[in-house]
Amino acid sequence: MSLNNSPSWTTSHLLMVPPKCFSFNTETGLDNEFQHKLNATNSELQEKAQLEFTNMVAGLRAFGADVYIFDEEQDNTPDAVFPNNWFSTDIDGNVYLYPMACENRQREVKSQALTSFLETNHFSVKNVIDVRSLAVDEAKLEGTGAMVFDHANDAVYAAISQRCNRVLLEQCAQRLDVKEVIAFDTHLPSGNAVYHTNVMLSIGDDYAIICSKSVAQSHREHVLDTLKGKNVIDITFEQLAAFCGNVLQIQNKDGKKALAMSQSAFDAFTPEQRELLSKSGELLPFDVKTIESVGGGSVRCMLAELFLPKAG
């Protein structure tokens, strides 16, 4: 599959999973320093998260996006609201399944249920490709959390971490027929690696949001050079913590573009940055502060893009 078969890799078809088991995930909290424990019961957290989820779905649909709710039974899966990590799709009808780092996130992967759901909604699924079968020595690669694609230039960017194994990344990129792999190390002020690439990097048709200071100095110049030709918004560590890097370019059924982001991210961008980003689409902010704070992920993580062709 060549990623540049299509002039635009934005889609109006988005899959979301409700936060029915939402809570602080102690397993992922070991390497995700964006997670925070709040003084609330799990029931209270789920109620707040569900309201944020419902409002976001309504906002996306009001914009004109097609939102598909994958509402399967959840078995102690506190991060199920972030489906982009365990599967992705392409325009050739392929569904890819990815090896998740934590046991309770591995339970999110529901291959048969997903295939049935997609086909019921008139998507054509030709192949299910299990990237987990490529993994050796417990290697992990958490989908489009670990991999940020520059579809226009047939490239994939990846911050190496416990959730992004370099060897498996190269194998997966080869299977995806991606021409260029830009892998790099990252460091937060704490010294820890960024747990997912898509919290420090977002790439659209003509823009890139990046926290270049988080990229290891030995890799930084090369990474920035590869982004030349796009409108580059370089964000600070403070903006990274506000999820300014966790943005997804989408479109509606009429082809109008938008940048889906959290209200926290929108507020943290400078007016000049917002003006530049608005050239790439309408800015669509959603208040997901509970999901962000407790889950350590934001709007982009909540959206799984469906690039599959429609059947019939």
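Residues numbered from 1 in each chain as written. Predicted model: local features only at pLDDT ≥ 70, side-chain atom pairs only at ≥ 80, totals over all residues. Heavy atoms only, no water.

## Re the overall build of the protein chain
The following threshold applies: Helix and strand definitions follow DSSP, with helices as H or I runs of at least four residues and strands as E runs of at least two, each counted in order from the N terminus. For this measure, only C-alpha atoms enter the radius of gyration; the expected value for a globule follows 2.2 Å times N^0.38, where N is the number of residues. Any two residues whose heavy atoms approach within 4.5 Å are treated as being in contact.
Check the secondary structure of the protein chain and you find 10 helices and 15 strands. For a compact globule of 312 residues, the expected C-alpha radius of gyration is about 20 Å, and the protein chain comes in at 18 Å, within 12% of that figure. Within the protein chain, contacts between residues separated by at least 24 positions form 74% of all contacts whose residues are at least 6 apart in sequence.

## A short note on the pairing of strand 13 (residues 257–262)
What counts is decided by this rule: Accessibility here uses a 1.4 Å probe with only protein chains present; expressed as a share of the type maximum, an area under 20% marks a residue as buried, one over 50% as exposed, and anything in between as partly exposed. Whether two strands pair depends on DSSP finding at least two bridges between them.
Of all 6 residues in strand 13, 5 are buried; the element is thus mostly enclosed. Bridge analysis of strand 12 (residues 248–251) against strand 13 gives 4 bridges, and the strand direction is antiparallel. Looking across to strand 13, one finds that Gln 249 is bridged to Leu 259. If you look at the hairpin formed by strand 12 and strand 13, you'll find 5 residues sitting between the two strands, and Gly 255 has a positive phi there, around 90°. Inspection of the sheet shows strand 13 paired to strand 14 (residues 282–286) by 5 bridges, in the parallel sense. Paired with Leu 259 across the two strands is Leu 283, which belongs to strand 14.

## Remarks on the sheet that holds strand 15 (residues 304–305)
Quick note on the threshold: All axes are obtained by fitting lines to C-alpha atoms, using only the stretch in contact for helices, and the reported angles, taken between N-to-C directions, cover 0 to 180 degrees.
The sheet built from 3 strands is open, its strands ordered 2-1-15 with mixed pairing. Bordering the open sheet on either side are strand 2 (66–69) and strand 15, each of which pairs with just one other strand. Of the pairings in the sheet, the one linking strand 1 (residues 13–16) to strand 2 comprises 4 bridges and is parallel in character. Each residue of the ladder has a partner; that of Leu 14, found in strand 2, is Val 67. Each of strand 1 and strand 2 is contacted by helix 1 (residues 42–63), which is oriented at about 150° to strand 2, the strand it contacts most.

## Structural notes on the sheet that holds strand 6 (residues 147–150)
Two strands in a sheet stick together by hydrogen bonds in their backbones, pointing the same way (parallel) or opposite ways (antiparallel). Spatial ordering of the open sheet is given by 6-7-8, a layout of 3 strands whose pairing is mixed. Two strands bound the open sheet, and with one partner strand each, they are strand 6 and strand 8 (180–184). Strand-to-strand twist of the sheet, defined as the mean angle between neighbouring strand axes without regard to direction, takes the value 20°. Here 4 bridges tie strand 6 to strand 7 (residues 155–159), and the two strands are oriented antiparallel to one another. When the bridges of strand 7 are listed, Met 147 appears paired with Ala 158. Those strands touched by helix 5 (residues 166–175) are strand 6, strand 7 and strand 8, and its axis lies near 165° from that of strand 8. On top of the sheet, helix 6 (residues 217–226) reaches strand 7 and strand 8; it is set at about 145° to strand 8, its chief contact.

## Details of the pairing of strand 1
Rule in force here: A right-handed crossover is one whose linking path, passing over the helix from the first strand to the second, runs clockwise when the strands point away from the viewer.
Neither face of strand 1 is exposed, since His 13 and Leu 15 on one face and Leu 14 and Met 16 on the opposite face are all buried. In terms of handedness, the path from strand 1 via helix 1 over to strand 2 forms a crossover that is right-handed. Strand direction decides the pairing type here: strand 1 and strand 15, joined by 2 bridges, are antiparallel. Directly across from Leu 15, in strand 15, lies its bridge partner Ala 304.

## Notes on empty space enclosed by the protein
Here is the rule: Cavity means a closed set of points on a 1 Å grid over the protein atoms alone, one where a 1.4 Å probe fits but cannot get out, pocket means an open set with protein on both sides within 12 Å along at least 5 of 7 lines, and lining means a residue has an atom within 4 Å of a point. Grid points are joined across faces, edges and corners, and a volume is the space filled by probe spheres set on the points. Side-chain classes follow a simple rule in which Ala, Val, Leu, Ile, Met, Phe, Trp, Tyr, Cys and Pro form the nonpolar group, Asp, Glu, Lys and Arg form the charged group, and the remainder, Gly included, forms the polar group.
For the structure shown, the criterion picks out 3 cavities of 30 Å³ or more. In this structure, the second largest cavity spans a volume of roughly 90 Å³. In terms of lining, the second largest cavity is formed by Val 17, Phe 70, Glu 72, Gln 74, Thr 77, Ala 80, Trp 86, Glu 108 and Lys 110. The class makeup of the residues in the lining of the second largest cavity is 4 nonpolar, 2 polar and 3 charged.

## Comments concerning the nonpolar core
What counts, and what does not: To qualify as a nonpolar core, a set must consist of buried Ala, Val, Leu, Ile, Met, Phe, Trp, Tyr and Cys residues joined through side-chain atoms within 4.5 Å.
Among the nonpolar cores identified, the biggest contains 34 residues, and Tyr 157, Met 200 and Phe 269 are the most heavily contacted of them. The dominant element in this core, judged by the number of residues it contributes, is strand 10 (residues 207–210), at 4 residues. The residues touching Met 200, leaving out its near neighbours within four places in the chain, are Phe 184, Val 194, Ile 209, Ile 210, Cys 211, Ser 214, Val 215 and Leu 240.

## Quick word on the packing of aromatic side chains
The criterion, for reference: Here a pair means two rings of Phe, Tyr or Trp (six-membered ring of Trp) with centres within 6.5 Å. Their orientation is stacked below 30 degrees between planes, edge-to-face above 60, and tilted elsewhere. A ring is scored as having a charge over it whenever the NZ atom of a lysine or the CZ atom of an arginine sits within 6 Å of its centre and within 35 degrees of its normal.
A complete count under the given rule lists 7 aromatic pairs for this structure. Ring geometry for Phe 34 against Phe 243: centres 5.8 Å apart, planes inclined by 55°, an arrangement best described as tilted. Taken together, the residues span a long stretch of sequence, with Phe 34 in the loop between strand 1 and helix 1 and Phe 243 in the loop between helix 7 (237–241) and strand 12 at a distance of 209 residues. Just as Phe 34 is buried, Phe 243 falls in that class too. The interplanar angle of 65° and the centroid separation of 5.3 Å between the aromatic rings of Phe 70 and Phe 117 together place this pair among those described as edge-to-face. A residue pair is termed long-range when its members are at least 10 positions apart, and Phe 70 in the loop between strand 2 and strand 3 (87–89) and Phe 117 in helix 3 (residues 111–120) qualify at 47 residues. Neither residue differs from the other here; Phe 70 and Phe 117 are each classed as buried. Here a set of aromatic residues connected by ring pairs shows up, and it is made of Phe 70, Trp 86, Phe 87 and Phe 117. Arg 274 extends its terminal NZ or CZ atom over the ring of Phe 266, reaching a point 4.8 Å from the ring centre.

## Remarks on helix 1
Selection rule: Expected span of a helix: the number of residues minus one, times 1.5 Å.
Between its first and last C-alpha atoms helix 1 spans 31 Å; for 22 residues at 1.5 Å apiece the expected length is 32 Å, and the two agree. Among the structural elements, strand 1, strand 2, strand 12, strand 13, strand 14 and helix 10 (289–295) are those in contact with the buried residues of helix 1.

That is the geometry; function is a separate question.
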